[in-house]
Amino acid sequence: MAQYASASDFARIVQAGGDVVLHGERAPYELRMWPSASQTLSAEEACAQPSRLLRAGHEIVGFVGRETELDTLRSWRDSCRGRPHAALRLIHGPGGQGKTRLAAQAARIWRQEGWSVFRAVPQPYSSTGPVPEIAPVGTTSGALIVVDYAQEWDTDDLLRLIHDMSSPVAAPVLILLLARSAGTWWQLLESRVTRNFDMAPEALRLEPLVSRPSDRAPLFSEAFRHFAAALEAPAALLPRPPSGLQDHSAYDQALTLHMSALASVLAAVQDSTAPDDPDKLSAYLLARERDHWARLHERGLLKADPNTMSQVMYIAALTGPSSYADGTAALRAAPVESWEHPGRLIKDHAVCYAPSRADSVLEPLYPDRLNEDFLALMTPGHDCAFPADPWSAQALGLLLKPGGTPWTRTALTTLAETAKRWPHVAREHLIPLLREHPEICLEAGSAAIVALTELHDLDGVLVLDLYELLAQRRPVDLNAGYVALLTWLSNKAHLFPDGQRALVNAALGAALGENGRCAEAVDHGAAAVALLRRLMADGAEDCRTHLAGALSNLSEHLSLTRANQAALDVAREAVSHYRSLARHAPGEFGLRLAVALSNVGNCLAVHLDRGSEALAPADEAVRILRDLDETDPNTHTEALATALATLSRAAAAWGNDTLALDAAEESLNLRRRLAEAHGAVCSPVLANALDTLGRALWRTGRTDEALASLEESAAIARKLASIVPDRFEPLLKGRLHYLFARYRELRHRKKLVPIAEELVALDQRRVDRGRQEYRPALAIATYTLAVARGGAEQWDEACSTADLAADLIRPRATLGVVAAEVALVRFLCGAALIRVEGRRNPGGVPDRINEALAVYSRLPVILPAYLRRECLDAFEVLEESLEAAGDRGSALELRGRRMRRTPNDQVNL
């Protein structure tokens, strides 16, 4: 099924296997200079709200440790130096582990070393207003783009960012994602980036700051000193480490250590006792927030009393920063226990928590962990010394209602993250709410669904309900959530009967295949097929439909992993089942039978080069689809276009050029109709249809029409390759190679040069992006360009290009790679030949011939026939050229030395 993605001229993206629709939309993100200077905080402000000292932006406690991680990032950077391409890395770890501080420290160091550093943020809720002006990316030593909370971004938005940063620039662009986990969302992103872009993403798990219990006390004391200075506490205060500092693993985390040190300072100043239990630190610090609200209320600076402010803060904790309209709407949706107008409450809230943006309201608590702990402590069901509010349970239901609100995504994601550490939130509030209204998850997005699947208390009934909802609709932006649900069900497979296990495996295999994880798709698909075959053997005839579908999907995924014979066998089995089903219900299963037949034909014609065998299944598929189209017009256009393309290739292999041409023309017409209907300006299937027609036209002698069709196919492939290089550059190369061969047959020599130049550029870009395995292909393409330039009588350019081809392949030939040695012989002979024919630099001819003879002498005496022929052809053509140039003596000398394979004497021409 085709999937459609909208994008803009600023950022374009292609869905897997689908068409591309370009719209004039604004980019889904902004780039901002980052990090800014540390924010200052007066002692008065710190004393009033001590929790503000914990914000990463204030950097009260200096950055310590993480030398290994900084070295890893530096090595990553240096490995990309001099390569104008993008690279992607993820740093993941629990909240409070120090991901943002680490990224900020690396950013400051890199900036001092000449790099530009930006932070990418999702486009804000308000789509108006100008994009901030920034320095051009890639104009310095390189650029680092940091994406915080990456797991909460839409996958397509991340792919747009990666695409934009992958455009050719003068210096490398490194994209650093920060996230709490590297689960389903990362696996899907990684597979799509690997498939769609020419890069290999890396992930680094950020381990706790403290590796040994003995390291905790010095870090605690250092943090205590900094917090005491910020609060202007008496210099004589001494650190009072908690009794469990050496024993409790929670103190390995930087944020826990800092919270404990801050609580210790406050307790020392107030002559009280800080909690020893790290789980009670948030309650202790949040009590100071309530005290601050009470003081402001008593002084008349706030209309809201502490109870009211707690409820406003609860709403802010769920909604996150909002526009004024959304903020007032949230306060109306879940009314707080106050007579004050929502607008007044928003103003009171801003007195305590100034918004980070001028156009936002309802700033939540920071850091995130404190905000989540506040949510949990306000929600009934815990036994901590912090007053829960029964109002909050009602507020959850009022804020998270079906129908969609601007805050649904943020609220549910935040609540799910909170529930990971606070079981009562999951057990008593979140899961019951979702059991009643599971559709809320579809509105919240993949990040919320993925976070839900990581809860310990999640039950299978809710997961099945969510899976069934997503399976019915399958919006593209919920792919990660859909896969996460299926993965959860697959991991609990032992709890389900065989039939349900089979369906889960089949669905997960299909979903993984759609996201490019074909090897895993094969594993799950094969497991589903094995279970369904066993059930069929036991008499469960109602499983036949599921088995046929699972076989069809498995066949496709086997083809993508190049297990072509296995794919054909499975596709034929699917046909047999669909044929049986279609006999009893042709209306219901006719289309599926036709698609399965077309798959068999495609396996034979495309993957196994057995086109003559493909004719019968392809022809039957077309006939079934035509019959279906008569009763239900214009419903099976996509399937018919695919079947006709397969029929065309099969007919060509059979030698029936007329049928091949008719089928190709009809397939293209259908593809154009589909493209126009969906507004697609470029499509891989349209490019394939044009290529199929072009080849059919060529075989029937209609060369001008053939070339026009082939050129249009190449133009579409060129556009696709500019959007998603790694996925569509091979398509473009195939089109260009075929065009090059056709123009060579017609002796259109001037047409050959630009095509050869484009082929060289494609391989050069891959090599520049660090893919050294493409150097041999680049060498061959470069030599082809040299020959094309010689044919167009561009002799000087041809000479230098041929020498470059030899330089590119020489290192591999030096290592004794036989194919590279044979190629070097060819390239050296070609470089000499171009000089002879173009009468350019005749003094350079002997050197190249002597090197060619020396390499030839090192080759094994017994060579594969095709390699031996390549060498002999190169020498024989050069000998003929020397004779034609009037130098018969040199030709004879070269022939003699070549036949004796003794290069000791030098050829002197």
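Residues numbered from 1 in each chain as written. Predicted model: local features only at pLDDT ≥ 70, side-chain atom pairs only at ≥ 80, totals over all residues. Heavy atoms only, no water.

Student: When you look at the nonpolar core in this model, what are you seeing that I'm missing?
Tutor: Here is a general trend for soluble globular proteins: nonpolar side chains tend to be buried in one another's company. L53, F227, Y314, I315, F374, L412 and L430 are the most contacted members of the largest nonpolar core, which has 116 residues in total. Looking at this core, the element that brings in the most residues is helix α7 (residues 254–270), giving 9 residues. Setting aside its immediate chain neighbours within four residues, F374 contacts L286, W293, S310, M313, Y314, A317, L365 and F386. A689, A721, L759 and V767 belong to the second-largest nonpolar core, a separate cluster that totals 77 residues. (Core = buried A, V, L, I, M, F, W, Y, C linked by side-chain atoms within 4.5 Å. Buried < 20%, exposed > 50% of the residue type's maximum accessible area, 1.4 Å probe, protein only. Helix = DSSP H or I, 4+ residues; strand = E, 2+ residues; numbered from the N terminus. Contact = heavy atoms within 4.5 Å.)

Student: Just to check I follow, could you spell out the sheet that holds strand β3 (residues 29–33) for this structure?
Tutor: The strands making up a sheet are joined through hydrogen bonds of the backbone, oriented either antiparallel or parallel. The strand order across the open sheet formed by 6 strands is β3-β5-β6-β7-β4-β8, and the pairing between neighbours is mixed. Looking at strand neighbours, the two that pair on one side only are β3 and β8 (202–205), the edges of this open sheet. Looking at each pair of strands side by side, their axes are set apart by 25 degrees on average, direction ignored. Relative to strand β6 (residues 143–147), strand β5 (residues 116–122) runs parallel, the two being bridged by 4 bridges. Of the residues in β6, the one forming a bridge with F118 is I145. Helix-sheet contacts for helix α2 (residues 67–79) involve β4 (86–92), β7 (173–179) and β8, and the interaxial angle to β4 is about 165 degrees. Sheet contacts for helix α3 (residues 99–112): β4, β5, β6 and β7; angle to β7, the most-contacted strand, approximately 160 degrees. (Pairing = 2+ DSSP bridges. Axes fitted to C-alpha atoms, helices over the stretch in contact; angles between N-to-C directions.)

Student: I would appreciate a short explanation of the packing of aromatic side chains in the present structure.
Tutor: Between two aromatic rings, the relevant description is the distance of the centres plus the angle of the planes. Taken as a whole and assessed by the stated rule, the structure comprises 5 aromatic pairs. Note on Y314 and W391: the rings are 5.7 Å apart at their centroids and 75 degrees apart in plane angle, and the pair reads as edge-to-face. Linking Y314 in helix α9 (residues 306–319) with W391 in helix α13 (residues 390–399), this pair joins segments that are 77 residues apart in sequence. Across the pair, exposure class does not vary: Y314 and W391 are buried alike. The ring centre of Y738 lies 4.3 Å from the NZ or CZ of R742, which sits over that ring. (Phe/Tyr/Trp six-rings, centres within 6.5 Å; stacked < 30°, edge-to-face > 60°. Lys NZ or Arg CZ within 6 Å of the ring centre and 35° of its normal.)

Student: Mind showing me how you'd approach the pairing of β5 here?
Tutor: Working note: regular strand, side chains alternate between the two faces of the sheet. Of all 7 residues making up β5, 5 are buried, and the element is well covered by its neighbours. Relative to β5, β3 runs antiparallel, the two being bridged by 5 bridges. Following the sheet pairing, Y29 is matched in β5 by P122.

Student: What is the right way to read α3 from this model?
Tutor: Helical periodicity: at 3.6 residues per turn, an α-helix aligns residues three or four positions apart in one direction. The end-to-end C-alpha separation of α3 is 20 Å, in line with the 20 Å expected for 14 residues at 1.5 Å each. In this structure, the buried side of α3 is in contact with α2, β4, β5, β6 and β7. (Expected span 1.5 Å × (residues − 1).)

Student: Even after reading the chapter, I still don't get the packing of helix α8 (residues 281–298) against α9, so can you show me in this structure?
Tutor: Two packed helices can be described by the angle between their axes and the distance between those axes. Contact geometry for α8 and α9: axes closest at 9 Å, N-to-C directions at 125 degrees. If you check the angle between α8 and α9, you find them oblique. You can see that α8 and α9 cross each other, and the crossing is right-handed. Packed against α8, whose contacting residues are R290, W293, A294 and H297, the element α9 presents P306, M309, S310 and M313 at the interface. Residue composition of the contact of α8 with α9, grouped by class: 5 nonpolar, 2 polar and 1 charged. (Parallel < 35°, antiparallel > 145°, perpendicular 65-115°, else oblique. Left-handed = near helix turned anticlockwise from the far one by under 90°. Nonpolar A, V, L, I, M, F, W, Y, C, P; charged D, E, K, R; others polar.)

Student: What exactly am I supposed to notice about the pairing of β4 here?
Tutor: With 7 of its 7 residues buried, β4 lies for the most part within the structure. Of the two faces of β4, the one lined by A86, L88, L90 and H92 and the one lined by A87, R89 and I91 are each fully buried. Pairing geometry for β4 and β8, over 4 bridges, is parallel. Each bridged residue has a counterpart across the sheet, and for R89 the counterpart in β8 is E202.

Student: What am I meant to see in the pattern of salt bridges here?
Tutor: Any two side chains of opposite charge can pair, so long as their charged atoms come close to each other. For the structure on display, the rule yields 47 salt bridges. With its nearest N and O atoms 3.8 Å apart, the salt bridge here joins R702 to E665. With a gap of 37 residues between them, R702 in the loop between α28 (684–699) and α29 (703–723) and E665 in helix α27 (residues 657–678) connect regions that are remote in the sequence. Owing to a relative accessible area of 27%, E665 belongs among the partly exposed residues under this scheme. (Salt bridge = Lys/Arg side-chain N within 4 Å of Asp/Glu carboxyl O.)

Student: Is there a simple way to explain the side chain of S667 in this structure?
Tutor: Relative to the helices and strands, S667 resides in helix α27. If sequence neighbours within four positions are ignored, S667 has contacts with A641, L644, A645 and A689.

Student: Looking at this structure, I do not really get the packing of helix α24 (residues 586–607) against helix α25 (residues 611–631). What am I missing?
Tutor: Running from N to C, α24 and α25 point in directions that differ by 160 degrees, and their axes come no closer than 8 Å. In terms of axis orientation, α24 runs roughly antiparallel to α25. As α24 runs across α25, the sense of the crossing is left-handed. Each of G590, L591, L593, A594, L597, S598, V600, G601, L604 and A605 in α24 lies in contact with α25, whose residues at this interface are G611, E613, A614, P617, E620, A621, I624, L625 and L628. Here the contact of α24 with α25 is built from residues that sort into 13 nonpolar, 4 polar and 2 charged.

Student: I'm lost on helix α32 (residues 775–791) in this one. Help?
Tutor: For α32, spanning 17 residues, the distance from its first C-alpha to its last is 24 Å, which sits close to the expected 24 Å at 1.5 Å a residue. Among all positions of α32, only L778, A779, A781, T782, Y783, L785, A786, A788, R789 and G790 are buried. Just downstream of α32, E793 is the residue with a positive phi angle, here 65 degrees.

Student: Mind showing me how you'd approach the environment of P811 here?
Tutor: Its place among the elements puts P811 in helix α33 (residues 795–814). We classify P811 as partly exposed; its relative accessible area is 44%. Measuring from C-alpha to C-alpha, the distance between P811 and G481 comes to 48 Å, with 330 residues separating the pair along the chain.

Student: Can you help me understand unusual backbone geometry in this one?
Tutor: Outside of glycine, negative phi angles account for most residues, and trans bonds account for most peptide bonds. Omega for the peptide link from W34 to P35 comes to -10 degrees, which places this bond in the cis form. Locating P35 in the fold gives a position in the loop between β3 and α1 (43–48). Residue P367 follows Y366 across a cis peptide bond; omega there is -5 degrees. When you line up the elements, P367 lands in the loop between α11 (342–352) and α12 (368–378). Located in the positive-phi region is R66, a residue other than glycine, with phi close to 65 degrees.

Student: Just checking my understanding: could you explain the environment of S243 for this structure?
Tutor: Tracing the backbone shows S243 in the loop between α6 (216–230) and α7. Between the C-alpha atoms of S243 and A689, which are 446 residues apart in sequence, the distance is 73 Å.

Student: Would you take a moment to explain the side chain of S555 for this structure?
Tutor: Inspection of the secondary structure puts S555 in helix α22 (residues 544–560). Residue classification places S555 among the buried positions, given a relative accessible area of 2%. Among all residues touching S555, those that are not within four sequence positions of it are A567, V570, A571 and C603.

Student: Would you mind going over the confidence of the model for the protein with me for this structure?
Tutor: Predicted coordinates in areas of low pLDDT are best not read in detail. Of all residues in the protein, 91% attain a pLDDT of 70 or more, and the chain-wide mean is 83. Confidence, read as mean pLDDT per element, is least for strand β1 (residues 4–7) in the protein (28) and greatest for α9 (94). For residues 125–136, every residue scores under 50 in pLDDT, and the model assigns this stretch 17 contacts once sequence neighbours within four places are set aside. Considering only residues more than four positions removed or in separate chains, one finds that residues 902–909, a stretch of pLDDT under 50, has 22 contacts. (pLDDT = per-residue confidence, 0-100.)

Student: Quick question: what am I supposed to make of the state of the cysteines here?
Tutor: A disulfide bridge is the covalent bond that connects two cysteines by way of their sulfur atoms. Enumeration according to the criterion identifies 0 disulfides in this entry. The thiol of C352 is unpaired, and the distance to the nearest cysteine sulfur, on C47, comes to 16 Å. (Disulfide = S-S within 2.5 Å.)

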